[in-house]
2 protein chains.
Amino acid sequence: MPLLPLQEIQLLHNYVCQSVNDPKRIQILYALYDEPRHVTALAELLDMPQPTVSRHLALLRQRLLVTAERSGPAVVYRLSDPRIVDVLEQMRSILREVLERQAEVLDEQSE
Amino acid sequence: MPLLPLQEIQLLHNYVCQSVNDPKRIQILYALYDEPRHVTALAELLDMPQPTVSRHLALLRQRLLVTAERSGPAVVYRLSDPRIVDVLEQMRSILREVLERQAEVLDEQSE
DNA sequence: TGGACGTATGCGGATGTGCGAATAAGCGAA
DNA sequence: TTCGCTTATTCGCACATCCGCATACGTCCA
């Protein structure tokens with residue numbers, strides 16, 4: 001795999017990496033993976049103030065990771081591409097492994 | 001997939017998401033995927049000041065995504081788990097798709 | 001031990017990000 | 001149009017992050 005051109009790295013960072021760089025946004029992505037929801041439902045489920053949820057959703061929508069659709073007075077949000085949660089799961093898997101490896105090293109040192 | 005406990009989301013964010021939330025760190029991860037390198041080699045390859053590279057590496061090492069090994073006066077860094085670059089590639093794939101979808105929508109609107 | 005090479009760190013400033021509180025704006029029903 | 005519900009936005013502040021510069025630290029070898 002060749003090194004990526006800087007421009008492409010910028011895109012990757014601006015759109016995707018920044019989007020997942022907030023715990024609340026990660027929560028929102030998981031919640032939308034479960035099923036599409038409207039703003040108030042998300043706010044109640046995740047115990048966040050409505051303006052906070054709305055702001056995070058606006059950011060995710062701007063980054064094209066979620067789409068919004070009006071349903072009466074409410075606005076239902078859904079993931080543009082559910083694979084974004086697969087990515088988060090892969091990150092978790094990597095994290096689990098490196099933490100375990102770290103634990104082993106500490107064990108060996110204490111022997 | 002159940003919603004994740006907040007604590008696990010925090011871990012995910014602190015270790016992995018934050019790590020990839022900087023264009024220069026993404027460049028470094030790709031460069032180390034290519035092959036393990038020492039600080040100065042990275043600095044020259046990526047055209048960054050040495051202290052900048054060193055600081056980013058320190059962060060990545062603290063997050064357990066890279067490991068450091070002394071080799072004479074130099075310190076060789078390598079990826080703890082190459083799958084981190086697979087994750088970045090998956091992000092790129094998702095980004096490419098949503099951007100294409102966006103382009104289609106704009107085309108339809110202009111017809 | 002002194003010097004050269006390679007790496008890490010401290011500091012100050014600039015920039016970016018998230019939040020609370022209040023409020024504006026959009027939609028639907030009567 | 002007016003009210004009620006839902007969502008979006010504005011403002012000000014607190015906090016984190018990144019960088020350049022200078023410098024300290026580590027290691028090796030003469």
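Look above for the structure.
Residues numbered from 1 in each chain as written. Chains lettered and ligands numbered in written order. Predicted model: local features only at pLDDT ≥ 70, side-chain atom pairs only at ≥ 80, totals over all residues. Heavy atoms only, no water.

Would you mind going over the nonpolar core with me for this structure?
The nonpolar side chains of soluble globular proteins are, as a tendency, buried together. Counting residues in each nonpolar core, the largest one holds 67 residues, and the members touching the most others are I84, L88 and M91 of chain A together with I84, L88 and M91 of chain B. If we ignore the near neighbours within four places in the chain, the residues touching I84 of chain B are I94 of chain A together with V16, V20, L29, L65 and L79 of chain B. (Core = buried A, V, L, I, M, F, W, Y, C linked by side-chain atoms within 4.5 Å. Buried < 20%, exposed > 50% of the residue type's maximum accessible area, 1.4 Å probe, protein only. Contact = heavy atoms within 4.5 Å.)

Would you take a moment to explain the relation of the copies chain A and chain B for this structure?
For the pair of chain copies, the relating transformation is a rotation about an axis with a translation along it. Mapping chain A onto chain B calls for a rotation angle of 180 degrees and an axial translation of 0.0 Å; the resulting RMSD is 0.0 Å. Here the symmetry operator amounts to a two-fold rotation axis. A shared binding surface is used by both copies, with 98% of the interface residues of chain A retained as interface residues in chain B. (Least-squares fit on C-alpha atoms with pLDDT ≥ 70 in both.)

Just checking my understanding: could you explain the pairing of strand β3 (residues 74-79) of chain B for this structure?
Residues and elements named next belong to chain B. Of the strand pairs in this sheet, strand β1 (residues 37-38) and β3 are connected by two bridges, and their pairing is antiparallel. Along β3, the bridge assignment pairs R37 with Y77. Bridge analysis of strand β2 (residues 66-71) against β3 gives six bridges, and the strand direction is antiparallel. Within the sheet, the bridge partner assigned to E69 lies in β3 and is V76. Between β2 and the antiparallel strand that follows it, β3, lie two residues; G72 among them carries a positive phi value of about 70 degrees. (Pairing = 2+ DSSP bridges. Helix = DSSP H or I, 4+ residues; strand = E, 2+ residues; numbered from the N terminus.)

Can you help me understand the sheet that holds β3 of chain B in this one?
Two strands in a sheet stick together by hydrogen bonds in their backbones, pointing the same way (parallel) or opposite ways (antiparallel). All names here are of chain B. Across the sheet, three strands lie side by side as β1-β3-β2; this open sheet has antiparallel pairing. Two strands lie at the open edges of the sheet, namely β1 and β2, each paired on one side alone. Where helix α2 (residues 23-34) meets the sheet, its contacts fall on β1, β2 and β3, and the angle it forms with β3 comes to roughly 90 degrees. (Axes fitted to C-alpha atoms, helices over the stretch in contact; angles between N-to-C directions.)

I keep staring at the protein's contact with DNA strand D and nothing clicks. Help me out?
As a matter of local geometry, DNA strand D sits amid 23 residues, with T40 and Y77 of chain A together with K24, R55 and H56 of chain B nearest to it. Of what DNA strand D places within 4 Å of the protein, 64% of the atoms are sugar or phosphate. Here R55 of chain B contributes a side-chain N or O atom positioned 2.7 Å from a base oxygen of DNA strand D. Take H56 of chain B: an N or O atom from its side chain is 2.6 Å from a phosphate oxygen of DNA strand D. When contributions to the surface near DNA strand D are tallied by element, the ones reaching two or more residues are α3 (39-46), α4 (50-62) and β3 (74-79) of chain A together with α2 and α4 (50-62) of chain B. (Near = heavy atom within 4 Å. Polar contact = N/O pair within 3.5 Å; in protein donor to acceptor, adjacent residues only side chain to side chain.)

These figures come from the coordinates and say nothing about function on their own.
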